[in-house]
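Spelled out from the first residue to the last, the chains are:
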Amino acid sequence: MEVARDAAGRDQAALTGRYTECAVLDQLVKAVGLAGESRALVVHGEMGVGKTALLDYLAGHAPGCRVARAAGVQSEMELPFAGLHQLCAPLLDRLETPSQPTPSQPTLPLPQRDALRTAFGLSAGPPPDRFLLGLAVLSLLSHVAEDQPLVCLIDDEQWIDQCSSQVLAFVARRLGAESVGLVFAARVPSPDLAGLPELVVRGLPEPDARALLDSVLTGSIDPRVRDQIVAETRGNPLALLELPRELTLPDLAGGFGLPGAIGATGTTGAVRLAGNVEESFRRRVAALPDPARRLLLLAAADPTGDPALVWRAAGLLAISADAAAPAIDADLAEFGTRVRFRHPLARSTAYRSAPVRERQQAHRALAEATDPRLDPDRRAWHRAQAAAGPDEEVAAELEHCAERARARGGLTAAAAFLKQAATLTLDPALRAGRALAAAQVKMQAGVFDVARDLLDMAETGPLSDVQQASAATLRARLAFITSRGGDAPALLLKAAHRLEPIDPAKARAAYLDAISAAIFTGRLASPGSGVLEVARAAAAAPPPPRPPRAPDFLLDGLTAHYNEGYAAGVAMLRRALAAFGDGMSAEEELHWLWLASVAAAIRVWDDDRWDALSARHVQLAREHGALGELPLALTSRAYLLMFSGDLAAAAELTDEVQAVKEATGGGLAPYGALGLAALRGEETTARSLIDATRQDVTRRGEGVGLTFADWASAVLGNGLGDYGQAAAAAQRACAYADDLGSLVWTTVELIEASVRTGLAEAAASAYEQLGEMTEASDTDWAVGIRARSAALLAGGDAAERLYRESIARLGKTRLRVDLARAHLLYGEWLRRERRRLDAREHLRVAHGLLAAMGVAAFADRAWRELRATGATSTGSTASQRPAHTGPGELTAQEAQIARLARDGLSNPEIGTRLFISAHTVQYHLRKVFAKLGISSRSQLDRVLPANLESRR
């Protein structure tokens, strides 16, 4: 059997001291290659610890598996999908549609093929949906693995471009039964990989470190010197292999040269180690003949590893093929089917140690050697690096690159091109404009710190009145996105005033942004920034310069709402909801969807519009990679799902919010997690989140967070039966009278808790406020909630009539939690009226709904009431029951797949809906059939349990 070797030709059959790590990798290959399973793994550790050697070991010990590789390169981090293209390029033959598809040569669905072709620049098209692209890559890998198990190795993941990193992390989390292994190696993994299985690689144990050191020594060594080297390098394999090159035989024998070789004391081990290894590489590079050193510089400046490109560029610099031999002999790089460096540090040293003039020459040659039709972006990037100073021609070319990057969904890359274009621009006004454009794109991409730096750069140059207003608006929106409070409303009002004489349409947009920001600041608004003050200022906004559209109706509706009363704004807000999307670009929709769904649809009690708009918000935010907007979109959608009773789906979106926040540094409070914990009755978790949220939002001036925290506390108390706590929390939530409509649910909780604690006056006052809102809205949701609340305050026949009306009206909505709570309250009332049989009917309905939804505290409350009626057949409490039960007890994902299959969707269609591969869908269906005791899809409709319902 041929023994695998690394870049330096070392035997990889057994890595010294890596028995445990190799065993983990062997198990991964066994699972993928033999068991047909999928695995993801993140291998991480310090520079030189042996991560690449472990990937080489895995590549050489994956019998029967196809191996695909990619490696991040620092200079390519801004090029969109560069890392993904590296990995997938050898597999792209699967994008071609065979004349007769077969199981061994399946095809990707057309939208997925189009997404891949657009992302890789193979065809023109709209920006690909980031999640559709992730699914396309998952399907591509799954299809390749149909023929042969596939192991994908991604080295130096910390230098993979952000677009590729996000897609590959998406794929890693959705691997199922595809026979695909996805292994990342990184010094510090990107946040995208958080939560994936990890293998931490540390320095070698002392015996193994000594053995590795002995294997490369050419003479005897004083044992004390050897022990010192092992201790100083902390068992780092690269250091153990490289540092002895710098020591003479006398040094090794007596240790006289050791202090200078290992490094001065007083510095940290990691810094000292990196510096010493880098110095070793620098000396070896400097010792090369001039042609070999320049060839190595060319190779270092080209991140693709394409030998044809490097040799074409070498020819332009009159460097002959003989120049490669000294670099190979010095164990710095190899020039074969790919150009590959001994170690990433060897590459960076070869590049950084070269004079600036030689680097520019290398990039100029690489630009000339790059085909402008096949790879215009990389050619422009090389030209930019070759520029000795401002160069308008190159700057303009980079602007074109930015346009292409945005079309492919690469917001980060577009901003990088624009930033570089600004750097190369001599004209101050043009430079400031390009920096401003780059700042705007960086904000869209969720890179807020860099956006601020670019905005600072833009504001140092001359800006037109329009640009100054745009800069002011951008700074205000940055403040809003990152803190949701503080100075955002005042900054937006200032921008709106500045825009009025310049661009009335943009002025109106800024006023609407200011209202949105003021809703967030709430009771913590700075002087002059309260929502009523902002609304008064916005009422003076210029009229729309064209026939009004949805944003204009939103502005007029909200200003009327605050300035004239709740009822005054309802009609205009409904016009906004009805017109939303008409004549609006995707960017405009994305910008205003939160306000439309939360500040309009919920405010007028329109659950249908809330459903449609929140779904559209998430869709657009994902399609455009708008990470700054995505947490708001996901949170709005999560609350719709919570109130609809799909807490599992809401939890998935809430987890995604946290991941996006960690990646972008956004400052949104954990609203989704708050609501989930409160509805589930998870007292410890909820109270912890409530306390943390109150501290966090108070610090940032995000007053709406205080209202949410108190609302969550009230829901928790009402669920647990702690009505005193619920009443106190609800009263705090309702205390901010300036914007009660920003959270219409608080009065509902206050009425229930106040009635239960005998606070008649508080209950009546809250009902008066609720009545004003619900009478003006008059939707099934509004009327159902009003009737339920009125029933709590009534008695006799009136209470019964109101409870029945509430159940009838809420039954027409998607809001199953409110419906279940109506059954619960009616059942409790019936029991107190001594109508036990009637009470059992409604309490059983309430318990069944609440238990199935996972609304555990309210379900337990229903169960306690049921027991009080003498019922014994319901069983255990909701907190002990699974959300879905049935033959074989399907998991949540199996249940969802079964339902979609029952409804006639094909495996690829189900995979597209659930972001998994068609192969994994089939795997789960086999398990579903076994658990349900059936053999085909046609039998699903007969055996699926009644409570296996569609997720909205």
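None of these values were measured; they are calculated from a predicted model.

**So, the overall build of the protein**
Inference 1: Of the regular secondary structure elements, the protein holds 47 helices and 7 strands.
Inference 2: Of all 952 residues assigned to the protein, the portion counted as buried reaches 57%.
Inference 3: When contacts within the protein are restricted to residue pairs at least 6 apart in sequence, those whose partners lie at least 24 apart make up 69%.
Inference 4: Carbon and sulfur atoms make up 52% of the accessible area of the protein, which amounts to about 37100 Å² in all.

**Quick word on helix α37 (residues 746–757)**
Inference 1: Compared with the 16 Å implied by 1.5 Å per residue over 12 residues, the 17 Å span of α37 between its first and last C-alpha is a close match.
Inference 2: The element α37 is extensively covered by neighbouring structure, given that 9 of its 12 residues are classed as buried.
Inference 3: Along α37, the residues classified as buried are Thr 746, Thr 747, Val 748, Glu 749, Leu 750, Ile 751, Glu 752, Ala 753 and Ser 754.
Inference 4: The elements touched by buried residues of α37 are α35 (704–720), α36 (723–734), α38 (760–777), α39 (780–793), α41 (816–832) and α43 (856–868).
Inference 5: Directly beyond the C-terminal end of α37, a positive phi value near 80° is found at Gly 758.

**A closer look at the nonpolar core**
Inference 1: Membership of the largest hydrophobic core comes to 142 residues, with the highest contact counts inside it found for Trp 605 and Trp 745.
Inference 2: Setting aside anything within four residues of it in sequence, one finds Trp 605 in contact with Tyr 566, Val 744, Val 748, Leu 770, Met 773, Thr 774, Ser 777, Thr 779, Trp 781, Ala 782 and Ile 785.

**With respect to the packing of aromatic side chains**
Inference 1: All told, the structure shown has 18 aromatic pairs when counted by the stated rule.
Inference 2: Each ring, one from Tyr 639 and one from Phe 708, has its centre 5.6 Å from the other, and the planes form 70°; the classification is edge-to-face. Remark: Phe 708 occurs in helix α35 and Tyr 639 occurs in helix α31 (residues 630–643); sequence separation between them is 69 residues.
Inference 3: What makes Tyr 639 buried here is its relative accessible area of 3%.
Inference 4: For the ring pair Tyr 639 and Trp 711, a centre distance of 5.9 Å and an interplane angle of 55° mean the geometry is tilted.

**Describing unusual backbone geometry**
Inference 1: Even without a glycine there, the phi angle at Asp 331 is positive, about 60°.
Inference 2: On the accessibility criterion, Asp 331 (17% relative accessible area) is buried.
Inference 3: Positive phi outside glycine occurs at Trp 605, with the angle close to 60°.
Inference 4: Relative to the helices and strands, Trp 605 resides in the loop between α29 (586–601) and α30 (607–623).
Inference 5: For Trp 605, a relative accessible area of 0% puts it in the buried group.

**Some remarks on the side chain of Lys 51**
Inference 1: Relative to the elements of secondary structure, Lys 51 occurs in helix α2 (residues 51–60).
Inference 2: Comment: no salt bridge for buried Lys 51; closest opposite-charge side chain is Asp 156, at 5.9 Å.
Inference 3: Excluding residues within four positions of it along the chain, Lys 51 makes contact with Val 43, His 44, Gly 45, Glu 46, Ala 185, Ala 186 and Arg 187.

**Regarding the pairing of strand β3 (residues 150–155)**
Inference 1: Burial analysis of β3 places 6 of its 6 residues in the buried class, which makes it a mostly covered element.
Inference 2: Taking every second residue as pointing to the same face, both faces of β3 are buried, with Leu 150, Cys 152 and Ile 154 on one and Val 151, Leu 153 and Asp 155 on the other.
Inference 3: Pairing of strand β2 (residues 66–71) with β3 involves 6 bridges; the strand directions are parallel. The partner of Ala 68 across the bridge, within β3, is Cys 152.
Inference 4: What joins β3 to strand β4 (residues 180–186) is helix α6 (residues 162–173), and the crossover it makes is right-handed.

**Considerations on the environment of Ser 754**
Inference 1: By secondary structure assignment, the location of Ser 754 is in helix α37.
Inference 2: For the pair Ser 754 and Leu 793, spaced 39 residues apart in sequence, the C-alpha to C-alpha distance is 9.9 Å.
Inference 3: Excluding anything up to four places from it in sequence, Ser 754 contacts Ala 727, Leu 759, Ala 762 and Ala 763.
Inference 4: There is a polar contact of 2.7 Å between the side chain of Ser 754 and the backbone oxygen of Leu 750.

**Details of the packing of helix α33 (residues 671–680) against helix α34 (residues 683–700)**
Inference 1: Running from amino to carboxyl end, α33 crosses α34 at an angle of 150°, the nearest separation of the two axes being 9 Å. As far as their axial angle goes, α34 and α33 are roughly antiparallel. Of the two possible hands of crossing, α33 and α34 adopt the one that is left-handed. Between α33 and α34, the contacting residues are Tyr 671, Ala 673, Leu 674, Ala 677 and Ala 678 on the first element and Thr 685, Ala 686, Leu 689, Ile 690, Thr 693 and Val 697 on the second.
Inference 2: Tallied by class, the residues present in the contact of α33 with α34 amount to 9 nonpolar, 2 polar and no charged.

**Considering a negative patch on the surface**
Inference 1: Together, Glu 768, Glu 772, Glu 775 and Asp 778 make up a region of like negative charge exposed at the surface.
Inference 2: Among the secondary structure elements, Glu 768 is positioned in helix α38.

**Some details on the side chain of Thr 920**
Inference 1: Structurally, the position occupied by Thr 920 is in helix α46 (residues 918–932).
Inference 2: A relative accessible area of 2% means that Thr 920 is categorised as buried.
Inference 3: Polar contacts involving the side chain of Thr 920 include one to the main-chain amide nitrogen of Ala 177, which spans 3.0 Å.

Definitions and limits used
Residues numbered from 1 in each chain as written. Predicted model: local features only at pLDDT ≥ 70, side-chain atom pairs only at ≥ 80, totals over all residues. Heavy atoms only, no water. Helix = DSSP H or I, 4+ residues; strand = E, 2+ residues; numbered from the N terminus. Buried < 20%, exposed > 50% of the residue type's maximum accessible area, 1.4 Å probe, protein only. Contact = heavy atoms within 4.5 Å. Areas by Shrake-Rupley, 256 points an atom, 1.4 Å probe, with all protein chains shown as cover. Expected span 1.5 Å × (residues − 1). Core = buried A, V, L, I, M, F, W, Y, C linked by side-chain atoms within 4.5 Å. Phe/Tyr/Trp six-rings, centres within 6.5 Å; stacked < 30°, edge-to-face > 60°. Lys, Arg positive; Asp, Glu negative; His and termini not counted. Salt bridge = Lys/Arg side-chain N within 4 Å of Asp/Glu carboxyl O. Pairing = 2+ DSSP bridges. Right-handed = clockwise from strand over helix to strand, strands pointing away. Polar contact = N/O pair within 3.5 Å; in protein donor to acceptor, adjacent residues only side chain to side chain. Axes fitted to C-alpha atoms, helices over the stretch in contact; angles between N-to-C directions. Parallel < 35°, antiparallel > 145°, perpendicular 65-115°, else oblique. Left-handed = near helix turned anticlockwise from the far one by under 90°. Nonpolar A, V, L, I, M, F, W, Y, C, P; charged D, E, K, R; others polar. Patch = residues over 30% accessible without salt bridge, like charges linked within 9 Å, V, L, I, M, F, W, Y side chains within 5 Å. Charge placed at Lys NZ, Arg CZ, Asp CG, Glu CD.

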